Amino acid sequence: MKCRINKKNCKVFLDFGKMPIANGFLKKREFKNEYFFPMKVGFNKSLSLFQLYKNPNPKKMFNKNYPFYTSSSKSMILHFKKYAQWIKKKLNKKSSILEIGSNDGTFLLNFKKYYHLGFEPSKSVHNVAIKNNVKSKNKFFNLKNIDFLIKKKIKFDVIVGSNVICHIPNQNDLIKSMNKLLKKRGEIIFEEPYLGSMYDKVSYDQIYDEHIFMFSATSINKIYKLHGLKLIDVLPQKTHGGSMRYVITKNTNAKITKRLKKIFIKEKKKNVDTLKGCYIFKKNVENSKKKLLKKLNEMKKKNLKICGYGATSKSTTILNYCKIGPDMIDLIFDTTKDKINKFSPGMHIPIRNYKYFAESNYKNIFLFAWNHKKEILKKEKYRKNCQWFSHLN
Ligand code: TMP
């Protein structure tokens with residue numbers, strides 16, 4: 001399978017310029033050695049696969065400094081609780097579950113009564129999972145690292161992943177590994193940011209080093225078919241600004257759901273499965289950049305002070321692509337201790353502790369964590385006469 005881009009099967013159609021690591025929040029003394037990579041986006045026509053042209057080595061992102069904690073969002077904790085309840089309907093007492101990229105254990109905490117195991121390469125978040133008594137291996141999930149399970153003949157009823165499948169450069173190795181560990185009647189279930197939602201919202205900030213692939217039902221169907229697996233269902237999700245849950249089985253005779261049939265039709269209609277959709281998206285991205293810069297420049301002409309809310313990984317793409325620095329946005333408030341008192345990757349906007357937000361008098365707030373808008377605006381409803389905005393409106 002040619003999941004990697006090469007000149008033959010993949011067309012580069014969009015260039016974001018040089019980008020730092022999206023979660024690479026850094027100290028001043030680290031500015032001079034900051035790592036950048038050329039962020040270009042391409043489309044593999046035969047697999048209908050939207051992907052980065054080049055991606056940094058995952059070890060650069062997923063290590064002891066990885067600052068993304070699933071438990072930092074209340075709505076995500078709730079989402080994983082509901083998701084777990086949905087999965088539990090498929091299980092019995094003896095069932096086993098494996099999670100790829102189990103982060104701080106937020107999801108597996110719901111499966112403590114079952115035989116469970118998580119693979120999490122980032123030490124920072126893995127340590128939290130261990131503290132919470134969640135079984136976690138501090139390793140990347142790949143053929144080499146699952147050898148100990150194969151030797152012990154351990155297989156799983158459900159293999160899950162959330163916002164992690166798109167992080168893995170070698171999809172062949174990943175799918176082979178999952179296939180080896182999946183029981184005959186087992187299911188692979190994962191949720192990933194959805195290409196169709198990104199096109200609809202023009203949320204190009206979904207594209208960054210960690211998101212090597214942006215999947216659709218069409219692409220997942222084609223990729224897993226190559227490995228003798230079958231996509232049988234999809235469930236659209238609101239998380240991460242629009243995601244899709246995919247359900248895959250070994251049973252190639254299994255029927256596909258009506259829901260999936262409808263999504264295939266919708267993806268065709270909206271050009272999610274062809275290069276044409278990429279070119280429409282590219283135009284929309286360029287227009288979005290112009291609109292945002294116009295808005296910010298007008299605010300600056302009026303001498304308005306602007307702050308950011310949520311030092312998200314996504315914000316790294318917006319800030320670096322649009323070249324927005326501390327001359328435009330004074331600082332970004334955030335709750336994550338590993339980001340506070342550091343600077344944003346590439347554009348070096350200071351990150352400040354969220355606890356000072358309430359006492360600050362910023363009225364113009366760039367909501368970088370736009371995917372948590374509901375949760376945040378509820379929390380901040382005491383704050384009157386503010387303009388909350390993002391590149392999406
Ligand atoms: P992410 O989009 O890369 O997951 O980052 C979300 C960031 O937003 C994370 O650093 C925590 C921060 N955040 C807040 O500061 N306040 C909030 O209310 C929420 C939901 C997130």
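Because the structure is a prediction, the values reported are computed rather than measured.

Let's talk about the site of the ligand
Piece 1. Looking at the ligand, there are 15 residues lining it, with Phe68, Ser313, Asp334, Lys339 and Lys379 nearest.
Piece 2. Side-chain polar atom of Ser313 to an oxygen atom of the ligand: 2.5 Å apart, as the coordinates give it.
Piece 3. Separating an oxygen atom of the ligand from a side-chain N or O atom of Asp334 is a distance of 2.8 Å.
Piece 4. Starting from 490 Å² of accessible surface for the ligand in isolation, the protein chains cover 97%.
Piece 5. Of all elements in the fold, only α10 (313-322) and α11 (373-379) reach the threshold of two or more residues within the shell around the ligand.
Piece 6. Ranked by residues supplied to the shell around the ligand, first place goes to α11 with three residues.
Piece 7. Grouping the amino acids of the shell around the ligand by side-chain chemistry returns four nonpolar, six polar and five charged.

Observations concerning the environment of Thr218
Piece 1. Its location among the elements puts Thr218 in helix α7 (residues 217-225).
Piece 2. The buried category is assigned to Thr218, whose relative accessible area is 12%.
Piece 3. Measuring from C-alpha to C-alpha, the distance between Thr218 and Lys268 comes to 8.8 Å, with 50 residues separating the pair along the chain.
Piece 4. Leave out the neighbours within four places in its chain, and Thr218 touches Ser48, Phe264, Glu267 and Asp273.
Piece 5. For Thr218, the side chain forms a polar contact with the side chain of Glu267, separated by 2.4 Å.

A word on unusual backbone geometry
Piece 1. Phi at Asn103 is positive, roughly 50°, even though this residue is not glycine.
Piece 2. Mapped onto the fold, Asn103 is located in the loop between β4 (96-100) and β5 (115-119).
Piece 3. The backbone of Lys153 sits at a positive phi, close to 60°, despite the residue not being glycine.
Piece 4. As for its placement among the helices and strands, Lys153 is situated in the loop between α4 (147-151) and β7 (156-162).

Procedures and definitions
Residues numbered from 1 in each chain as written. Predicted model: local features only at pLDDT ≥ 70, side-chain atom pairs only at ≥ 80, totals over all residues. Heavy atoms only, no water. Near = heavy atom within 4 Å. Polar contact = N/O pair within 3.5 Å; in protein donor to acceptor, adjacent residues only side chain to side chain. Areas by Shrake-Rupley, 256 points an atom, 1.4 Å probe, with all protein chains shown as cover. Helix = DSSP H or I, 4+ residues; strand = E, 2+ residues; numbered from the N terminus. Nonpolar A, V, L, I, M, F, W, Y, C, P; charged D, E, K, R; others polar. Buried < 20%, exposed > 50% of the residue type's maximum accessible area, 1.4 Å probe, protein only. Contact = heavy atoms within 4.5 Å.

These figures capture arrangement, not role.
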